[in-house]
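# Chain and residue survey
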Amino acid sequence: MPSPTPLDELNAEQRQAVLHGAGDPAGGPPLLVIAGAGSGKTNTLAHRVAHLVAEGADARRILLLTFSRRAAIEMTRRVERISGERALPWAGTFHGIGARLLREFAGRVGLDDGFSIHDREDSADLMAMVRHDLGLSQAETRFPAKATCLSIYSRAVNAGEDLEAVLARHFPWCAGWQAELQQLFADYVDAKQRQQVLDYDDLLLYWAEMMTVRDIADTLGARFSHVLVDEYQDTNRLQARILLGLRPDGRGVTVVGDDAQSIYAFRAATVRNILEFPAHFDPPARVVTLERNYRSTQPILDAANAVIGLAAERFTKNLWTDRASAAKPRLVTVRDEVDQARYVVEQVLANREAGAALKQQAVLFRTSHHAGTLEIELMRHNIPYVKFGGLKFLDAAHVKDLLALLRWVQNPRDRVAGFRVLTLIDGVGPVSAARLLDHLAASPDLRWALDTVAVPPRGAAGWSGLRDLLARRANWPVEIEMARAWYEPQLERAHEDAAVRKADLIQLQQIAAGYASRERFLTELTLDPPDATSDEAGVPHKDEDYLILSTIHSAKGQEWRAVYMLNVVDGCMPSDLGTGETEALEEERRLLYVGMTRARDDLHLLVPQRFFTHNQAPGGDRHVYAARTRFIPTGLLPLFELASWPVAGPSEGPRAAGPAVDIGARLRRRWQAPHSVQDDFDLASLGD
Ligand code: ATP
Ligand code: MG
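First, a word on scope: everything that follows refers to the structure included in this document.

Definitions and limits used
Residues numbered from 1 in each chain as written. Chains lettered and ligands numbered in written order. Predicted model: local features only at pLDDT ≥ 70, side-chain atom pairs only at ≥ 80, totals over all residues. Heavy atoms only, no water. Helix = DSSP H or I, 4+ residues; strand = E, 2+ residues; numbered from the N terminus. Buried < 20%, exposed > 50% of the residue type's maximum accessible area, 1.4 Å probe, protein only. Contact = heavy atoms within 4.5 Å. Areas by Shrake-Rupley, 256 points an atom, 1.4 Å probe, with all protein chains shown as cover. Arc of directions from axis to C-beta. Pairing = 2+ DSSP bridges. Axes fitted to C-alpha atoms, helices over the stretch in contact; angles between N-to-C directions. Near = heavy atom within 4 Å. Nonpolar A, V, L, I, M, F, W, Y, C, P; charged D, E, K, R; others polar. Domains from an automatic or database assignment. Phe/Tyr/Trp six-rings, centres within 6.5 Å; stacked < 30°, edge-to-face > 60°. Lys NZ or Arg CZ within 6 Å of the ring centre and 35° of its normal. Polar contact = N/O pair within 3.5 Å; in protein donor to acceptor, adjacent residues only side chain to side chain. 1 Å grid on protein atoms, 1.4 Å probe; cavity = no way out; pocket = protein on both sides within 12 Å on 5 of 7 lines; lining within 4 Å. Points joined across faces, edges and corners; volume = space filled by probe spheres on them. Core = buried A, V, L, I, M, F, W, Y, C linked by side-chain atoms within 4.5 Å.

Along the backbone of the protein there are 28 helices and 17 strands. Here the protein holds 688 residues, and 53% of them are scored as buried. Once local pairs closer than 6 in sequence are excluded, the contacts in the protein between residues at least 24 apart make up 76%. A total accessible area of about 30200 Å² is found for the protein, and carbon and sulfur atoms account for 53% of it.

Below is the structure:
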């Protein structure tokens, strides 16, 4: 009997996709794999790449585009496992690969190869500077906020729509400012070019534009024999332009995705890209659909299929599985978020007792702050966790300060970085900082400018250390140590909890030491910040077991044995934002579908009867009463096991405020799962 090959692990349709175009050095005609969640799309893509390499394709000529860096690393690992070959140098996100290519071709498209990359916050700050220079500051004129301006600009760029259409469709309340916004964006683009900075959108925009330059397009087209894209349903118009620019005839192109999982329309992604892909070519691309789900049990799949079955529009079909199970997904009503957190902790621990490691369990939520109560509960029980999505390590002010300093050393024309750093100095305010930056910008000779600049006397000491850093340019990573030494006194002055923050900076320095140069460090960190808050912050160690907490958006493409979804109520899912427009509402429905389809064996949807809202509108933060999400109407209830928790005893009366405590249950539970003693006798929660 012949020995099994990796292809034997695949079903017939998956194998067709892997073998498509085999033997054609030009990569074969374009291919689309479109199918529902857990049908093995990503796995098939990995097998395809591995097979190509095994058949002699040069791994350096394969461009593999994924949605996150984490996904790229995971895919590379899968390919290595299947093919036994070493890594793929061109696997990454569109933005990450774009940054590398632009660095390489900078000279040919009028960019300085030392360009720096602004994250969203830096971009909004630059937008604010430009807006201020135009006399459109928000306070006086009620002009849109900087973040809104950036969103409008970003949507126009990514969707390739003109400003008027973007305003009318997505920002009608800003439509009266069209002329001013037009001017603002023109000046913003100007400022970026003068300062040699690119924002996230530019990485795609410059790349797409670069593909219209004939000889560059030819060079890049020839560099890659195959271009493969995962999660194609979440790409935007610019990304489609890039792909087609690389391969106008589609040869060697493979895209995979699921229209029912498109959840990034709020960032201008369009499901049209995947739906229109086949017809874009003549003859049309080959389409392979997959019908078997390998991930979830039948009851989980039934419930997920029913939820997405109510969608207004959908291309992919329902899937089947042979993973029978008696356990339906649970729809659990709890009183409030405190009970919700307790339920999750109880179940997570019970599951661990039954053999599911914490890492095989995930808690998913619509937005990051929904996890707050749970995080407290987890800490009380000493359950380690890692949180994905939401606030990042890099968002902390002190980490941003140190990065801004390095960015300014990298590119002294970067005004946002310069402004941030200068105003850290005691004695230098916004006016002096702007004057200083003007002086530096006006002179082509940086050294001369640094020596002749006029600094307010009180700021002289702080400035002199900074000048040395800018003028001398030490070796990497010694430089970050010097930068930290300069920054620490400013940190101590500005923050009472300086000691904790200093520890973060030492951490940052350690991360920096892993990169070959300042430029690589800054680029990678800006584009793919450490995913989780505690990812780089030391706890827990990667080898240890920890529970996964994640926004649904960050959970894309992944799977766990047990999944708990928080706040499956109207107001959270759909969120308040989503309740207006039909399209936005449909996206929220798909979000629920994406969350549910992450579960393999065990799915819990939690429905707190009241939850806490963080609201900037009048009324502020408050508790609101909630109802089960509208995406699970009564007709779907038979697909779930309905439960309430804790099981209410007849004597239990209404509760005034805060959680009631069932001490008996706690004492019993204590012997069921390894709770900490502190929690069992937590007097604080008995107080009310
Ligand atoms: P999503 O839509 O969520 O991104 P997907 O379609 O990309 O899902 P994968 O993540 O590739 O699906 O696969 C889902 C699970 O099914 C994985 O655990 C994978 O190993 C398994 N799987 C895929 N194909 C097969 C197969 N032919 N035999 C056994 N298991 C498979
Ligand atoms: Mg996938």
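Next comes the rest of the write-up.
A word on helix α8 (residues 163-170). When we look at burial in α8, the residues that qualify are Leu-163, Val-166, Leu-167 and His-170. Across the axial projection of α8, the buried residues extend over an arc of 105°, all falling on one side. In this structure, α8 carries Glu-164 and Ala-168 as exposed residues pointing more than 90 degrees from its buried face.

Further remarks concern the sheet that holds strand β1 (residues 31-35). Pairing in this open sheet of six strands is parallel, and the strands run β3-β2-β6-β7-β1-β8 from one edge to the other. Strand pairing shows two members of the sheet lacking a second neighbour, β3 (91-93) and β8 (286-290), which therefore form its edges. Going across the sheet, the axis of each strand differs from the next one's by a mean of 20°, ignoring polarity. Of the pairings in the sheet, the one linking strand β2 (residues 62-66) to strand β6 (residues 226-229) comprises four bridges and is parallel in character. In the sheet register, Leu-64 faces β6, and the bridge partner there is Leu-228. Packing against the sheet, helix α2 (residues 41-54) makes contact with β1, β2, β6, β7 (253-257) and β8, and its axis sits at approximately 165° to β6.

So, about the site of ligand 1. Lining the immediate surroundings of ligand 1 are 19 residues, of which Lys-41, Asn-43, Gln-261, Glu-559 and Arg-598 lie closest. When ligand 1 is considered free in solution it has 640 Å² of accessible area, and contact with the protein chains removes 82% of it. If one sorts the elements of the shell around ligand 1 by residue count, α2 sits on top with three residues. Across the shell around ligand 1, the residue classes break down as three nonpolar, 10 polar and six charged. Counting residues domain by domain, the shell around ligand 1 receives three or more from each of domain 1 (6-103 + 204-290) and domain 3 (298-391 + 539-645).

With that out of the way, let us pick up the sheet that holds strand β12 (residues 547-551). Strand order across the open sheet formed by seven strands is β11-β12-β10-β13-β14-β9-β17, with parallel pairing between neighbours. Where the open sheet ends on each side, the last strands, each with one partner, are β11 (385-388) and β17 (641-645). Taken over all neighbouring pairs, the strand axes of this sheet differ in orientation by 20° on average, direction set aside. Pairing of strand β9 (residues 330-334) with strand β14 (residues 599-608), which is carried by five bridges, proceeds in the parallel orientation.

With that out of the way, let us pick up the packing of aromatic side chains. Scanning the model with the defined rule gives 13 aromatic pairs in all. Ring centres 5.9 Å apart and planes at 75° place the aromatic pair Tyr-232 and Phe-277 in the edge-to-face group. With Tyr-232 in the loop between β6 and α12 (237-246) and Phe-277 in the loop between α13 (272-275) and β8, the pair connects residues that are 45 residues apart, well separated along the chain. On the basis of relative accessible area, Tyr-232 is assigned to the buried category, the value being 2%. Among the aromatic side chains, those forming a connected cluster through ring pairs are Phe-67, Tyr-264 and Phe-266. The positively charged end of Arg-103 is found above the aromatic ring belonging to Phe-115, 4.0 Å away from the centroid.

Inspection of the secondary structure puts Thr-321 in the loop between α14 (298-309) and β9. Here Asn-293 takes part through its backbone oxygen, which lies 3.3 Å from a polar atom of the side chain of Thr-321. Among all residues touching Thr-321, those that are not within four sequence positions of it are Asn-293, Ser-296, Thr-297, Gln-298 and Leu-301.

For the structure on display, the rule yields five cavities of 30 Å³ or more. Taken as a whole, the largest cavity holds about 70 Å³ of empty space. If you go around the largest cavity, the residues you meet are Arg-103, Phe-115, Ser-116, Ile-117, Arg-407, Gln-410, Glu-519, Leu-522, Thr-523 and Thr-526. Ranked by the residues each element gives to the lining of the largest cavity, the list is headed by helix α24 (residues 518-527), at four residues. Of the residues assigned to the lining of the largest cavity, the class counts are three nonpolar, four polar and three charged.

On to the nonpolar core. Of all hydrophobic cores here, the largest spans 67 residues; its most connected members are Ile-152, Leu-181, Phe-185, Trp-207, Leu-220 and Phe-277. Each of two domains, domain 1 (6-103 + 204-290) and domain 2 (116-195), supplies a minimum of three residues to this core. With residues up to four places along the chain from it excluded, the contact list for Trp-207 reads Phe-94, Ile-97, Gly-98, Leu-101, Leu-102, Asp-202, Leu-220, Ile-242 and Leu-246.

On to the pairing of β6. Side chains His-226 and Leu-228 of β6 all project onto a buried face; the interleaved residues Val-227 and Val-229 project onto the opposite face, where all are buried too. Of the pairings in the sheet, the one linking β6 to β7 comprises three bridges and is parallel in character. When the sheet's bridge partners are listed, Val-227 is paired in β7 with Val-253.

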